[in-house]
Amino acid sequence: MSYPNELITRVPLTKGHGAFGNGVDQVVRRWFNRNVGLWRSHRRFDFRDGSTVAMDTMLRIESFDDPLKGDACYRFRWWPAQVDTPFGQNSSYPTTGAIEAYLIGHQLYRSRGYFCGSPIRSRIRQVDEQEVVFESHYMEWDILEHIRLVDDARYRARSIYSWQNSTLALVEVHHEVREDLPAEEAAQAPLS
(Lines give C-alpha, C1' and ligand atoms only; values in the text may rest on other atoms or scores of the structure.)
Protein backbone atom coordinates (compact mmCIF):
# COMPACT_ATOMS: atom_id res chain seq x y z
CA MET A 1 0.00 0.00 0.00
CA SER A 2 1.31 3.42 -0.93
CA TYR A 3 1.16 6.25 1.57
CA PRO A 4 0.89 9.84 0.26
CA ASN A 5 3.08 11.18 3.06
CA GLU A 6 5.90 8.63 2.77
CA LEU A 7 8.52 11.35 2.41
CA ILE A 8 7.03 13.57 5.11
CA THR A 9 8.17 13.28 8.68
CA ARG A 10 6.86 15.17 11.68
CA VAL A 11 10.29 16.23 12.96
CA PRO A 12 11.48 19.34 11.05
CA LEU A 13 15.12 19.48 9.94
CA THR A 14 16.84 22.45 11.61
CA LYS A 15 20.35 23.41 12.64
CA GLY A 16 21.04 23.58 16.37
CA HIS A 17 22.10 26.74 18.18
CA GLY A 18 23.70 25.50 21.41
CA ALA A 19 26.70 26.36 23.53
CA PHE A 20 29.00 24.96 20.83
CA GLY A 21 27.64 27.22 18.07
CA ASN A 22 25.73 26.13 15.01
CA GLY A 23 25.55 22.43 14.30
CA VAL A 24 25.67 19.31 16.42
CA ASP A 25 26.51 19.42 20.12
CA GLN A 26 30.02 18.02 20.62
CA VAL A 27 28.75 15.63 23.34
CA VAL A 28 26.32 14.04 20.85
CA ARG A 29 29.03 13.77 18.19
CA ARG A 30 31.43 12.21 20.71
CA TRP A 31 28.72 9.69 21.69
CA PHE A 32 28.21 8.70 18.03
CA ASN A 33 31.95 8.34 17.45
CA ARG A 34 32.21 5.97 20.44
CA ASN A 35 29.77 3.64 18.61
CA VAL A 36 31.95 3.26 15.50
CA GLY A 37 33.09 -0.33 15.03
CA LEU A 38 31.78 -3.86 14.71
CA TRP A 39 29.10 -5.17 17.09
CA ARG A 40 27.41 -8.52 17.67
CA SER A 41 23.80 -7.77 18.48
CA HIS A 42 21.78 -10.34 20.48
CA ARG A 43 18.21 -9.32 19.62
CA ARG A 44 14.80 -10.19 21.01
CA PHE A 45 11.62 -9.09 19.24
CA ASP A 46 8.28 -9.19 21.05
CA PHE A 47 5.36 -8.68 18.66
CA ARG A 48 1.83 -7.46 19.36
CA ASP A 49 0.38 -10.92 18.64
CA GLY A 50 2.42 -12.40 21.53
CA SER A 51 5.07 -14.07 19.37
CA THR A 52 8.75 -13.69 20.19
CA VAL A 53 11.78 -13.98 17.93
CA ALA A 54 15.46 -14.07 18.96
CA MET A 55 18.43 -13.79 16.63
CA ASP A 56 22.01 -12.55 16.45
CA THR A 57 22.93 -9.84 13.99
CA MET A 58 26.26 -8.28 13.08
CA LEU A 59 26.28 -4.48 12.97
CA ARG A 60 29.07 -2.34 11.55
CA ILE A 61 29.05 1.41 12.20
CA GLU A 62 31.45 3.55 10.14
CA SER A 63 32.00 7.29 10.02
CA PHE A 64 32.72 9.27 6.88
CA ASP A 65 32.93 12.90 5.81
CA ASP A 66 30.42 14.66 3.59
CA PRO A 67 30.11 18.34 4.60
CA LEU A 68 27.16 18.81 2.24
CA LYS A 69 25.06 16.24 4.12
CA GLY A 70 25.57 17.06 7.80
CA ASP A 71 27.78 17.83 10.76
CA ALA A 72 28.86 14.18 11.01
CA CYS A 73 28.07 11.19 8.76
CA TYR A 74 27.71 7.51 9.61
CA ARG A 75 26.98 4.30 7.74
CA PHE A 76 25.19 1.41 9.48
CA ARG A 77 25.38 -2.05 7.87
CA TRP A 78 23.81 -5.17 9.38
CA TRP A 79 23.58 -8.83 8.44
CA PRO A 80 22.60 -12.08 10.22
CA ALA A 81 25.30 -13.70 12.36
CA GLN A 82 23.99 -17.14 11.37
CA VAL A 83 22.86 -18.57 8.03
CA ASP A 84 19.29 -19.37 9.04
CA THR A 85 17.22 -16.51 10.44
CA PRO A 86 13.74 -16.60 11.94
CA PHE A 87 12.60 -13.90 9.46
CA GLY A 88 11.74 -15.00 5.92
CA GLN A 89 12.49 -13.14 2.70
CA ASN A 90 9.02 -11.55 2.67
CA SER A 91 9.29 -10.31 6.25
CA SER A 92 8.78 -6.58 6.86
CA TYR A 93 11.86 -6.74 9.11
CA PRO A 94 15.02 -6.61 6.96
CA THR A 95 17.78 -8.95 8.19
CA THR A 96 20.41 -7.36 5.91
CA GLY A 97 20.77 -3.74 4.94
CA ALA A 98 22.55 -0.42 5.08
CA ILE A 99 21.55 3.06 6.19
CA GLU A 100 23.49 6.29 5.94
CA ALA A 101 22.84 8.73 8.76
CA TYR A 102 23.72 12.40 9.11
CA LEU A 103 23.82 14.50 12.26
CA ILE A 104 22.34 17.94 11.71
CA GLY A 105 21.94 19.85 14.94
CA HIS A 106 20.17 17.57 17.42
CA GLN A 107 18.52 15.55 14.68
CA LEU A 108 19.56 12.43 12.85
CA TYR A 109 18.61 12.16 9.17
CA ARG A 110 18.59 8.54 7.94
CA SER A 111 18.67 7.62 4.25
CA ARG A 112 15.85 5.13 4.89
CA GLY A 113 13.75 3.71 7.70
CA TYR A 114 13.92 0.12 8.91
CA PHE A 115 10.28 -0.51 7.93
CA CYS A 116 10.30 1.50 4.68
CA GLY A 117 12.66 2.78 2.03
CA SER A 118 11.79 6.43 2.67
CA PRO A 119 14.21 8.80 4.40
CA ILE A 120 13.37 9.68 8.01
CA ARG A 121 14.44 12.19 10.64
CA SER A 122 14.82 11.50 14.34
CA ARG A 123 15.02 13.96 17.20
CA ILE A 124 17.97 13.21 19.52
CA ARG A 125 17.82 13.67 23.28
CA GLN A 126 21.08 13.27 25.21
CA VAL A 127 20.40 11.66 28.60
CA ASP A 128 24.06 11.77 29.71
CA GLU A 129 27.52 10.95 28.29
CA GLN A 130 26.48 7.30 27.94
CA GLU A 131 22.91 7.38 26.60
CA VAL A 132 20.85 8.96 23.84
CA VAL A 133 17.18 8.66 22.95
CA PHE A 134 15.85 8.84 19.39
CA GLU A 135 12.24 9.80 18.60
CA SER A 136 11.22 9.01 15.02
CA HIS A 137 7.92 9.41 13.20
CA TYR A 138 7.28 8.18 9.68
CA MET A 139 4.30 6.85 7.79
CA GLU A 140 2.13 5.13 10.42
CA TRP A 141 5.08 4.45 12.78
CA ASP A 142 6.17 6.20 16.00
CA ILE A 143 9.48 4.83 17.30
CA LEU A 144 11.24 5.46 20.62
CA GLU A 145 14.78 4.08 20.87
CA HIS A 146 17.11 4.21 23.90
CA ILE A 147 20.79 3.31 23.39
CA ARG A 148 23.16 3.18 26.35
CA LEU A 149 26.92 2.55 26.18
CA VAL A 150 28.24 0.41 29.05
CA ASP A 151 31.73 -0.39 30.37
CA ASP A 152 33.71 2.14 28.34
CA ALA A 153 31.65 1.42 25.18
CA ARG A 154 32.43 -2.31 25.18
CA TYR A 155 28.69 -3.01 25.37
CA ARG A 156 25.51 -1.33 24.14
CA ALA A 157 22.03 -1.78 25.56
CA ARG A 158 19.18 -0.89 23.19
CA SER A 159 15.45 -0.77 23.88
CA ILE A 160 13.18 0.04 20.95
CA TYR A 161 9.41 0.59 21.14
CA SER A 162 7.46 0.81 17.87
CA TRP A 163 3.86 1.96 17.67
CA GLN A 164 1.94 1.40 14.44
CA ASN A 165 -1.14 3.64 14.15
CA SER A 166 -0.92 4.42 17.90
CA THR A 167 -0.84 0.72 18.92
CA LEU A 168 2.34 -0.76 20.38
CA ALA A 169 3.27 -3.30 17.69
CA LEU A 170 6.87 -4.28 18.46
CA VAL A 171 9.26 -4.16 21.43
CA GLU A 172 12.93 -4.92 20.81
CA VAL A 173 15.74 -5.47 23.30
CA HIS A 174 19.29 -5.65 21.92
CA HIS A 175 22.37 -6.55 23.96
CA GLU A 176 25.37 -5.66 21.82
CA VAL A 177 29.01 -6.58 22.32
CA ARG A 178 31.89 -4.87 20.52
CA GLU A 179 33.64 -7.48 18.38
CA ASP A 180 36.51 -7.78 15.92
CA LEU A 181 36.10 -10.23 13.10
CA PRO A 182 38.98 -12.27 11.72
CA ALA A 183 40.18 -10.61 8.50
CA GLU A 184 38.79 -13.33 6.22
CA GLU A 185 35.32 -13.15 7.81
CA ALA A 186 35.26 -9.34 7.67
CA ALA A 187 36.14 -9.52 3.96
CA GLN A 188 33.06 -11.72 3.34
CA ALA A 189 30.63 -9.38 5.17
CA PRO A 190 27.84 -8.11 2.89
CA LEU A 191 28.35 -4.60 1.55
CA SER A 192 24.68 -3.63 1.18
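Report on the accompanying structure. (Residues numbered from 1 in each chain as written. Predicted model: local features only at pLDDT ≥ 70, side-chain atom pairs only at ≥ 80, totals over all residues. Heavy atoms only, no water.)

1. Overview of the pairing of strand β7 (residues 107-110)
The side chains of a regular strand alternate between both faces of the sheet.
Here comes step 1: Here four bridges tie strand β6 (residues 97-104) to β7, and the two strands are oriented antiparallel to one another. Bridge pairing in β7 links Tyr 102 to Tyr 109.
Here comes step 2: The loop that links β6 with its antiparallel partner β7 comprises two residues; one of these, Gly 105, has a positive phi angle of about 65 degrees.
Here comes step 3: Two elements, β7 and strand β8 (residues 120-128), share four bridges in a ladder whose sense is antiparallel. Bridging from a neighbouring strand, Leu 108 pairs with Ser 122 of β8. (Pairing = 2+ DSSP bridges. Helix = DSSP H or I, 4+ residues; strand = E, 2+ residues; numbered from the N terminus.)

2. A word on empty space enclosed by the protein
Here comes step 1: Counted under the stated rule, the structure contains one cavity of 30 Å³ or more.
Here comes step 2: Roughly 380 Å³ of internal volume is contained in the largest cavity.
Here comes step 3: Around the largest cavity sit 28 residues that line it, and Arg 110, Tyr 114, Glu 145, Arg 158 and Ile 160 are the ones nearest its centre.
Here comes step 4: Listed by contribution, the elements that provide at least two residues to the lining of the largest cavity are α1 (26-34), β4 (52-64), β5 (72-80), β7, β9 (131-138), β10 (141-150), β11 (155-164) and β12 (167-178).
Here comes step 5: Looking at the lining of the largest cavity, the element that brings in the most residues is β11, giving four residues. (1 Å grid on protein atoms, 1.4 Å probe; cavity = no way out; pocket = protein on both sides within 12 Å on 5 of 7 lines; lining within 4 Å. Points joined across faces, edges and corners; volume = space filled by probe spheres on them.)

3. Some words on unusual backbone geometry
Here comes step 1: Residues other than glycine seldom take positive phi values, yet Asp 152 does so here, at roughly 55 degrees.
Here comes step 2: Its location among the elements puts Asp 152 in the loop between β10 and β11.
Here comes step 3: The exposure class of Asp 152 is exposed, given its relative accessible area of 69%.
Here comes step 4: Even without glycine at this site, Asn 165 takes up a positive phi of about 50 degrees.
Here comes step 5: Here Asn 165 lies in the loop between β11 and β12. (Buried < 20%, exposed > 50% of the residue type's maximum accessible area, 1.4 Å probe, protein only.)

4. A closer look at the nonpolar core
Here comes step 1: Residues Trp 31, Phe 32, Leu 103, Leu 108, Ile 124 and Phe 134 are the most contacted members of the largest nonpolar core, which totals 20 residues.
Here comes step 2: Those elements that place two or more of their residues in this core are α1, β4, β5, β6, β9 and β10.
Here comes step 3: At four residues, β5 tops the list of elements feeding residues into this core.
Here comes step 4: Excluding residues that lie within four positions of it along the chain, Ile 124 makes contacts with Val 28, Phe 32, Leu 103, His 106, Gln 107, Leu 108, Val 132, Val 133 and Phe 134.
Here comes step 5: Formed by 14 residues, the second largest nonpolar core is a distinct cluster that contains Met 55, Tyr 93, Ile 120 and Ala 169. (Core = buried A, V, L, I, M, F, W, Y, C linked by side-chain atoms within 4.5 Å. Contact = heavy atoms within 4.5 Å.)

5. Remarks on the sheet that holds β8
Here comes step 1: Spatially, β3-β4-β5-β6-β7-β8-β9-β10-β11-β12 is the arrangement adopted by the 10 strands of the closed barrel, whose pairing is antiparallel. The average undirected angle you get between the axes of adjacent strands in this sheet is 25 degrees.
Here comes step 2: Of the pairings in the sheet, the one linking β4 to β5 comprises eight bridges and is antiparallel in character. Bridge assignment links Phe 64 to a residue of β5, and that residue is Cys 73.
Here comes step 3: Along the sheet, α1 makes contact with β3 (37-47), β5, β6, β7, β8, β9, β10 and β12, crossing β8 at roughly 100 degrees. (Axes fitted to C-alpha atoms, helices over the stretch in contact; angles between N-to-C directions.)

6. As for the packing of aromatic side chains
Here comes step 1: Applying the stated criterion to the full structure yields eight aromatic pairs.
Here comes step 2: On the numbers, 6.4 Å between centres and 85 degrees between planes, the contact of Phe 64 with Tyr 102 is edge-to-face. Taken as a pair, Phe 64 in strand β4 and Tyr 102 in strand β6 lie far apart in primary sequence, 38 residues in all.
Here comes step 3: Take Tyr 102: its relative accessible area is 4%, and that puts it in the buried class.
Here comes step 4: Lying over the aromatic face of Phe 64, Arg 75 brings its terminal NZ or CZ to 4.3 Å of the ring centre. (Phe/Tyr/Trp six-rings, centres within 6.5 Å; stacked < 30°, edge-to-face > 60°. Lys NZ or Arg CZ within 6 Å of the ring centre and 35° of its normal.)

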